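A structural walkthrough
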Amino acid sequence: GAGVSQSPRYKVAKRGQDVALRCDPISGHVSLFWYQQALGQGPEFLTYFQNEAQLDKSGLPSDRFFAERPEGSVSTLKIQRTQQEDSAVYLCASSLDGNQPQHFGDGTRLSIL
Amino acid sequence: AQSVSQHNHHVILSEAASLELGCNYSYGGTVNLFWYVQYPGQHLQLLLKYFSGDPLVKGIKGFEAEFIKSKFSFNLRKPSVQWSDTAEYFCAVNSRGNAGNMLTFGGGTRLMVKP
């Protein structure tokens, strides 16, 4: 069955470039989460959507990070003026609602040179 | 704020050995508890979860975990590991009853099972 799909799987960018990471959640899942996973660490929460509404963005590390989910399905995480410390795996997860277990995608491994 | 601590960063076992991975959390309210597993090259998968009821939870592939509220712990166990259990294991918690239940993860434990 279709799971959470993320693209690209790998992204290499030069410092200062903008990047966009895409997440296609499981069909019908209301809740969508973005996490950042640095090397050797557990995932850390970035932001949460319920349908198209971004209800929590408390985990976004700076105003260079922006996420949207305009039609309540696909979501995009955008990072502007990337820095080396942005290098990490970015994980997307979706769930039927906020109280159900989250299903994770494969992640996008972002490397900033 | 919630926090999760996994005491062992790396564990090496031989096949058929018993496994116990520690997980302690810090949170003042009621929580849901999870163990996720990440096999090499794959995405995070749910191994088991505790929402309420029997504190001994059984998951897939012979894994179980016990919620001990007084100790704020949710340790993962398996009586006899297999080579195919080689993976990274993450304990996670979220707040019960809130919409937008983001997960707080521990740092993960890398398990290597020697054939």
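Our structure's up above, just so we're on the same page.
**Quick look at the overall build of chain A**
Check the secondary structure of chain A and you find 0 helices and 11 strands. Ordered by position from N to C terminus, the α and β elements of chain A give β-β-β-β-β-β-β-β-β-β-β. In terms of overall dimensions, chain A is globule-like: its C-alpha atoms have a radius of gyration of 13 Å, near the 13 Å expected for 113 residues. Principal axes of the C-alpha set define a box for chain A whose edges measure 35 × 25 × 25 Å. When each of the 113 residues of chain A is scored for burial, the buried share is 46%. Nonlocal contacts in chain A, meaning residues at least 24 apart in sequence, comprise 53% of its contacts between residues at least 6 apart. Surface exposure of chain A reaches about 5,600 Å², of which carbon and sulfur atoms provide 45%.

**A short note on the interface of chain A and chain B**
Each partner contributes residues to the interface: chain A has 18 residues there, and chain B has 20 residues. Overall, the association of chain A and chain B removes approximately 1,500 Å² of surface from exposure, summing both partners, and the carbon and sulfur fraction of that is 56%. The interface formed by chain A and chain B contains 0 salt bridges. Linking chain A to chain B there are 4 residue pairs in polar contact (both at pLDDT 80 or more). Those elements giving two or more residues to the side of chain A that touches chain B turn out to be strand 4 (31-37) and strand 5 (44-50) of chain A. Residue classes in the side of chain A that touches chain B are distributed as 8 nonpolar, 9 polar and 1 charged.

**A closer look at the environment of Thr108 of chain A**
Residue and element names in this part refer to chain A. Within the fold, Thr108 resides in strand 11 (residues 108-112). On the basis of relative accessibility, which here comes to 0%, the residue Thr108 falls in the buried class. Taking the C-alpha atoms as reference points, Thr108 and Ala53, separated by 55 residues in sequence, lie 23 Å from one another. The contact partners of Thr108, leaving out residues within four places of it in the chain, are Gln6, Ser7, Pro8, Arg9, Lys11, Leu21, Ala88, Val89 and Tyr90. A distance of 2.5 Å separates the side chain of Thr108 from the backbone oxygen of Pro8, its partner in a polar contact.

**Quick word on the pairing of strand 9 (residues 73-78) of chain B**
All names here are of chain B. Taking burial as the measure, the 6 residues of strand 9 include 5 buried ones, the bulk of the element. Sheet topology note: the strand 8 (residues 64-68)/strand 9 ladder contains 5 bridges and is antiparallel. Paired with Glu66 across the strands is Asn75, a residue of strand 9.

**Brief notes about the pairing of strand 9 (residues 88-95) of chain A**
All names here are of chain A. Most of strand 9 sits out of view: 8 of its 8 residues are buried. Burial of the side chains of strand 9 extends over both faces: Ala88, Tyr90, Cys92 and Ser94 are buried on one face and Val89, Leu91, Ala93 and Ser95 on the other. With 2 bridges connecting them, strand 9 and strand 10 (residues 103-104) associate as antiparallel partners. Each residue of the ladder has a partner; that of Ala93, found in strand 10, is Phe104.

**A short note on the pattern of salt bridges**
On inspection of all chains with the given rule, the structure shows 9 salt bridges over all chains. For the salt bridge of Arg64 of chain A with Asp86 of chain A, the shortest nitrogen-to-oxygen distance reads 2.8 Å. In this pair, Arg64 of chain A sits in the loop between strand 6 (53-56) and strand 7 (65-68) while Asp86 of chain A sits in the loop between strand 8 (75-79) and strand 9, placing the two residues 22 residues apart along the sequence. Among the residues examined, Asp86 of chain A registers a relative accessible area of 3% and is labelled buried. Because the salt bridges share partners, they merge into one network encompassing Lys58, Glu64, Glu66 and Arg77 of chain B.

**Let's talk about unusual backbone geometry**
Cis peptide bonds are those with omega within 30 degrees of zero, and the linkage from Ser7 of chain A to Pro8 of chain A qualifies with -10 degrees. Assignment of secondary structure puts Pro8 of chain A in the loop between strand 1 (5-7) and strand 2 (10-13). One non-glycine residue, Lys61 of chain B, lies in positive phi territory at about 60 degrees. When you line up the elements, Lys61 of chain B lands in the loop between strand 7 (56-58) and strand 8. Exposure remark for Lys61 of chain B: the relative accessible area of 48% places this residue in the partly exposed category.

Parameters at a glance
- Residues numbered from 1 in each chain as written.
- Chains lettered and ligands numbered in written order.
- Predicted model: local features only at pLDDT ≥ 70, side-chain atom pairs only at ≥ 80, totals over all residues.
- Heavy atoms only, no water.
- Helix = DSSP H or I, 4+ residues; strand = E, 2+ residues; numbered from the N terminus.
- Rg over C-alpha atoms; globule rule 2.2 N^0.38 Å.
- Buried < 20%, exposed > 50% of the residue type's maximum accessible area, 1.4 Å probe, protein only.
- Contact = heavy atoms within 4.5 Å.
- Areas by Shrake-Rupley, 256 points an atom, 1.4 Å probe, with all protein chains shown as cover.
- Buried area = accessible area lost by both parts, 1.4 Å probe.
- Salt bridge = Lys/Arg side-chain N within 4 Å of Asp/Glu carboxyl O.
- Polar contact = N/O pair within 3.5 Å; in protein donor to acceptor, adjacent residues only side chain to side chain.
- Nonpolar A, V, L, I, M, F, W, Y, C, P; charged D, E, K, R; others polar.
- Pairing = 2+ DSSP bridges.

Bear in mind that shape data such as this cannot, by itself, settle questions of function.
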